[in-house]
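Listed here are the chains, written in short residue letters.
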Amino acid sequence: MKKVIYVLFLLIFASITGFSQTFALKESNLPSDEDFVSKYTTFKNYQKYSISWVSEWKFDVSRDLVIDELKDFDSFLNDVPEKNYDISLLKGIVKMNLYNFDEINYSTVDEYLNQIKEKYPDEYRTWWMTAFFYNGASPYKAFDEITKAEELRGGLIQLDDFVIDFLSDYIYISLTCGMNQHANYALNCLCNYTKRKPESYSFYQMLNSRLIETSIEDSYQKNEVWNVSLIDKKLYIESTMLGASIKTDENQEGKIFGFEKGFSYIFLQSPVFKFDENKTTTTSLAIYFYAGKTEAEVNESMNRTVQKTDPNGKVTPLGNYKINDFLAHYYTYENPELYNDDRKGMKLVFLIFTVPYNEFSGISFEKQVDFSNSFSDENSGNVKYFQFKKQLKRLDTPVTCLILLDSCNAVFEESQAWMESILNESIFE
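What you see is a predicted model; the values in this text were computed from it and never measured.

J.: Just checking my understanding: could you explain the sheet that holds strand E14 (residues 399–408) for this structure?
T.: In a beta sheet, neighbouring strands are held together by backbone hydrogen bonds and run either parallel or antiparallel to one another. An order of E5-E6-E9-E14-E12-E11-E10 is seen for the 7 strands of this open sheet, with the pairing classed as antiparallel. Only two strands of the sheet have a single partner each, and these edge strands are strand E5 (253–256) and strand E10 (316–323). Taken over all neighbouring pairs, the strand axes of this sheet differ in orientation by 20° on average, direction set aside. Where strand E9 (residues 284–291) lies against E14, 8 bridges are found, and the strand directions are antiparallel. The residue bridging Tyr288 from the neighbouring strand is Leu402, located in E14. Across the sheet, helix H12 (residues 295–309) lies against E9, strand E11 (326–335), strand E12 (346–355) and E14, angled at about 165° from E12, the strand it touches most.

J.: Looking at this structure, I do not really get helix H5 (residues 106–119). What am I missing?
T.: Working note: α-helix, 3.6 residues per turn, so residues spaced by three or four point in the same direction. Between its first and last C-alpha atoms H5 spans 20 Å; for 14 residues at 1.5 Å apiece the expected length is 20 Å, and the two agree. For H5, the full list of buried residues reads Tyr106, Val109, Asp110, Tyr112, Leu113, Ile116 and Lys117. Projected down its long axis, H5 shows its buried positions confined to an angular sector of 165°, all on one face. For H5, the secondary structure elements touched by its buried residues are helix H4 (85–99), helix H6 (124–137) and helix H7 (139–152).

J.: Help me out: how do you make sense of the pairing of strand E4 (residues 244–249) in this one?
T.: Extensive coverage of E4 is indicated by the burial of 5 of its 6 residues. As consecutive antiparallel partners, strand E3 (residues 234–239) and E4 are separated by 4 residues, and within that stretch Gly243 has a phi angle of approximately 70°, a positive value. Examined bridge by bridge, E4 and strand E15 (residues 427–428) share 2 bridges and lie antiparallel to one another. What sits directly across from Ala244, in E15, is Phe428.

Analysis parameters
- Residues numbered from 1 in each chain as written.
- Predicted model: local features only at pLDDT ≥ 70, side-chain atom pairs only at ≥ 80, totals over all residues.
- Heavy atoms only, no water.
- Pairing = 2+ DSSP bridges.
- Helix = DSSP H or I, 4+ residues; strand = E, 2+ residues; numbered from the N terminus.
- Axes fitted to C-alpha atoms, helices over the stretch in contact; angles between N-to-C directions.
- Contact = heavy atoms within 4.5 Å.
- Expected span 1.5 Å × (residues − 1).
- Buried < 20%, exposed > 50% of the residue type's maximum accessible area, 1.4 Å probe, protein only.
- Arc of directions from axis to C-beta.

Written as C-alpha cells, this is what we have:
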C-alpha cells in the first residue's frame, strides 16, 4: 500500500485536529470501569504521536512504546462487547492509528470501517472518520466520504456536539484535496457559529495563500484565468475568477483568452454541420465576460459589433432565455449580404445576462486535484510533496456575460441546438 504526505498535512494538521480523533466519540457511551478508563486515557495522551503517518520520527517519546500501547489497547478492545455505536467507532479509530505505524494493513481498516457503516447506516460519524482515514491513505476518496457525512448530518451547520470539530475537519480535508472554495465556505460557516474572525484559525493562512485577490484594474494571463481539464471524455473550461464552468465535448476546438481591461472571453468552434445533402459548414460560439459593466453597456457593445459590418443593422429582441437561474435577454440579427452563398445568409444570436458577485464562486464546479504523481512508495523511504496551485478569487463585482452564436440560416437550428447543449451543462455563479 502506498502512503502520501503533503506540505499542507505537516503545517496545519496538529492545530486543526487537536491531536485526537476521540472528539468524534460520545464518551458517555463508553465503558466506565477502571481498566477501560485507564487504557483509554493513555490512548488519548498518545494520539498526538499516532494520529498520522510520519516519515521521520522526531518526538521525545519512543516510537516502539507508542506502538506497544496501541497494540495493547487494540487487543484489550477485542474483549469489550460492542454494546453501542461509540464502542465500535473507537475500535475503528484505534485501527486507523495502528495503520499509521504499518502494524495493520489498509484493507483491514477499510473493511472494519465499512462494517460499521453497514451496521449503523445513518451514523454520519463513520463517514467522517473514514474521510479522516482516506485523507492520509487515499486522499482522492476522502472528499466523497466527508460529503456523504455532511449529507447524513443534514448539512454543514447542524447544532450537535460535534459541529466545531466536524467543520474543522471538513475544512482540513477540503484543503488537502485542493477544494479551496469548499474550505472557504466551511470556514465562513465556522466563523458564523463561533463568532471568531477567520484570521484566528490556523487554516486561514493556508487558504489565504492559495486564494489570490483579483482586481478589474489588473491583467491576468489566460492560464491564470482559466483551468482546462478533461474528465470522462468531457472538456471543462473553468474560471473561479469569472464564475464560469463551460462543459463541452472532449474534441472541442477553440481558444481561451486572458483578462485585460475588465474583459475576457472564450471562443468555441462547432462541429461540422451538413446541409443540402453534400455541403458542410461550421459555426462558432463566443462567450464574453465584462467585469463591472452593466447590461446596457454590454448591449451597446453588441450593437457596435453589428454595425461594424452593417451600419444600419439592428438586433431583434425575442424575449428571454434561461441559463441556470438567470434570465438572459435574447436577440437575433440577420444579414443576407454576409454568408450569402449556399449558407443563405448570416444569422446571429446574442444572449446577455448578469451574474452577481458570489464570494464562493466556483464551489459548484470545484474539482479535486490529481495526486496520481504525488504518492511515494512506503518501501522507498522517499516522500513526495505536492505543490498546490494558486487560484484567483472571484472578482469583487458583478460580471455581465454576452454569448454570441455566429451562424447562418442553412444550419441555424443545428447550431442553436449545439449552443444549447453547451449552455445546459454550463454553470455561471
